[in-house]
Amino acid sequence: MDFNFGPVIESWRFLADGVRITVLLSLSVAACSLTFGTLVALARRYGPKWLQAILIFYIDSMRAIPVLVVLVWFYFAFPIATGINLPPFLSALVALSFNLTAYVAEIVRAGMESVRPGQVRAGLALGMSTPQIVRKIVLPQAFVRMMPALGNVLTLTVKDTAIAAVIAVPELMRRADAIAGQTYTPVEVFSTVMLLYFCIIFPITRGVDIVYKRISFLGRS
Amino acid sequence: MTIATAPQTAATVLQYRDVQKLYGDFVALQGVSMEVKKQQVVCLIGPSGSGKSTLLRCTNALETIDGGEILFDGVRLPKDRTAIRKVRQRMGMVFQNFELFPHKTAIENVIMGPSTVLGLSDEASRDRAEALLKKVGLADKAKNYPANLSGGQQQRVAIARALAMEPEVMLFDEPTSALDPETIGEVLNVMKALADDGMTMIVVTHEMTFARRVADHVVVFERGEIIEQGPPKQIFEAPTTARTRDFLGHLGWDG
Ligand SMILES: Nc1ncnc2c1ncn2[C@@H]1O[C@H](COP(=O)(O)OP(=O)(O)OP(=O)(O)O)[C@@H](O)[C@H]1O
Ligand SMILES: [Mg+2]
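Reading the values: the criteria
Residues numbered from 1 in each chain as written. Chains lettered and ligands numbered in written order. Predicted model: local features only at pLDDT ≥ 70, side-chain atom pairs only at ≥ 80, totals over all residues. Heavy atoms only, no water. UniProt positions renumbered as here; feature names shortened; annotations may be inferred. Helix = DSSP H or I, 4+ residues; strand = E, 2+ residues; numbered from the N terminus. Phe/Tyr/Trp six-rings, centres within 6.5 Å; stacked < 30°, edge-to-face > 60°. Buried < 20%, exposed > 50% of the residue type's maximum accessible area, 1.4 Å probe, protein only. Lys NZ or Arg CZ within 6 Å of the ring centre and 35° of its normal. Salt bridge = Lys/Arg side-chain N within 4 Å of Asp/Glu carboxyl O. Pairing = 2+ DSSP bridges. Axes fitted to C-alpha atoms, helices over the stretch in contact; angles between N-to-C directions.

Labelled according to an unreviewed UniProt entry, chain B appears under the name Amino acid ABC transporter ATP-binding protein, originating from Flaviflagellibacter deserti. Quoted verbatim from the Subcellular location (unreviewed entry) field of the UniProt record, the comment on chain B reads "Cell membrane".

By the naming in an unreviewed UniProt entry, chain A goes by Amino acid ABC transporter permease and is assigned to Flaviflagellibacter deserti. You can read under Function (unreviewed entry) in the UniProt record for chain A the words "Part of the binding-protein-dependent transport system for glutamine; probably responsible for the translocation of the substrate across the membrane." Under the heading Sequence similarities (unreviewed entry), UniProt records this for chain A: "Belongs to the binding-protein-dependent transport system permease family. HisMQ subfamily."

Draft legend 1. Representation of the UniProt feature "domain: ABC transmembrane type-1" (unreviewed entry) in chain A within the structure. What UniProt calls "domain: ABC transmembrane type-1" (unreviewed entry) maps, in this numbering, to residues 19-205 of chain A. Across residues 19-205 of chain A, helical content stands at 84% and strand content at 0%; the span's end C-alpha atoms are separated by 18 Å.

Draft legend 2. The arrangement of the packing of aromatic side chains in detail. Applying the stated rule across the entire model yields nine aromatic pairs over all chains. Residues Phe3(A) and Phe5(A) carry aromatic rings whose centres are separated by 6.5 Å and whose planes lie at 50° to one another, so their mutual orientation is tilted. Taken together, a centroid distance of 4.9 Å and an interplanar angle of 80° make the contact between Tyr75(A) and Phe76(A) edge-to-face. Its relative accessible area of 24% is what places Tyr75(A) among the partly exposed residues. Joined through ring pairs, the aromatic side chains of Tyr58(A), Trp73(A), Phe74(A), Phe78(A) and Phe98(A) make up one cluster. Over the face of the ring belonging to Phe14(A) we find Arg175(A), whose NZ or CZ atom lies 4.8 Å from the ring centre. The ring of Phe101(B) has Arg161(B) sitting right over it, with the charged end atom 4.5 Å from the ring centre.

Draft legend 3. Seen up close, the environment of Val187(A). Mapped onto the elements of the fold, Val187(A) is located in helix 9 (residues 186-215). On a C-alpha basis, the gap between Val187(A) and Asn4(A) in space is 9.1 Å, while along the polypeptide they are 183 residues apart.

Draft legend 4. Examining the pattern of salt bridges more closely. Applying the stated rule across the entire model yields 22 salt bridges over all chains. Between Glu69(B) and Arg17(B) there is a salt bridge, and its shortest N-O distance comes to 2.7 Å. Remark: Arg17(B) occurs in strand 1 (residues 12-23) and Glu69(B) occurs in strand 4 (residues 67-72); sequence separation between them is 52 residues. Shared partners join several salt bridges into a network, and the residues in it are Arg44(A), Arg63(A), Glu106(A), Arg109(A) and Glu113(A).

Draft legend 5. The sheet that holds strand 8 (residues 200-204) of chain B, seen in detail. All names here are of chain B. With mixed pairing, six strands are arranged side by side in an open sheet as 6-7-8-3-9-10. Strand pairing shows two members of the sheet lacking a second neighbour, strand 6 (91-94) and strand 10 (225-230), which therefore form its edges. Shown here is a sheet whose adjacent strand axes are inclined to one another by a mean of 15°, direction ignored. In the sheet, strand 9 (residues 217-222) pairs with strand 10 via five bridges, with the strands oriented antiparallel.

Encoded structure:
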């Protein structure tokens, strides 16, 4: 069997731009999920009962529905249901964030619960208010403790962005598919894509590991 | 050896009247009445599970009481959250497990109260923290994280953290129980110095030598009740109840 990497090499700019969009989408989704996941976790713990009930339902449903279905729903059903048309990139951002926020919320909740009650008591004894205690004592320690789990979510995010290809977001997978189709070199193209995903994700995993080893004492009470 | 005694006419800082505390139907405190005068050191002793920590936690409203009343400076402990916080700001608490904030350096731990709660400027709270770390003998460890301090050093930082609020009374819950024997002394010395400075203190402790030498008043707990209280001389040399004698005997205390 002969390999022909010509098409891959010729269209490297095209693929590199796909990598750029994959990374951009991943970082945007990660930032949104972290922000909203933290807010959901806080609302679930300190919010009114009715809100807690809604959020529990939301989290449970996101764990029960495939992320691909959520994505397709946001791109094809949401505009018809609401009259709001989102471009592909934004649809993918919203759908993936909507899904991952639920997972991040669960991680943040577990992280906050893992902080010793004595830490909260120490804050209370100083006369701090609950919001101050959450912001200055519980969350910082929880985030240190959550680092491995959050790093995991970040790698999941990068992998999940590949499904945005189905709604024509011009990210890495979509572009690879286009080149493979036009040049009939699926083996070369998709092998390259595997390697590229690995090159994005591997440093994240190792990096999180290394950083966590160095700072885990900040969360150890 | 001198036994410091507070003047009998001193104002009452804390007054407990028939305090009761329940956990479900378990009675953790029952009819506890005692008082703490200004500049007094009151030591609470008694077997494990007798309610000593519970009484401390009720004192700064970390726990609510189910009967009786606690007066701080003549005023009943409030129910309102904001008012409770105001009361807590006037009391310092030191825990058995230190409970330093692990993500903050020693000096940042001490700064936490003045800057977030009292709203002091960065400079003012830093100055205060530096002075307090010096006072507990840890000026050179200001930038260490708790993970890089020994138990005794952590507890001294925790004392400085509580003092940074300039409290009117300090509550110590077995401050040396989690320490290696060789570092207990440094913490007790800091506490002794505080007492000599005239700080009002309630100390839950198993350190009978400390109670004997530093306390003005000793309260013996058993099963949520006070079984005896009085000056250390009475408690340690001539206990009036057999149960106090039993408890001290168990500790190997022979006067
Ligand atoms: N949150 C709680 N829920 C139920 N029971 C509790 C709770 N806190 C304390 N207790 C019980 O109340 C009793 C008194 O506890 P407390 O911690 O005050 O004892 P202690 O005198 O401080 O003992 P130790 O010397 O072991 O610290 C114990 O029997 C304990 O099991
Ligand atoms: Mg206790």
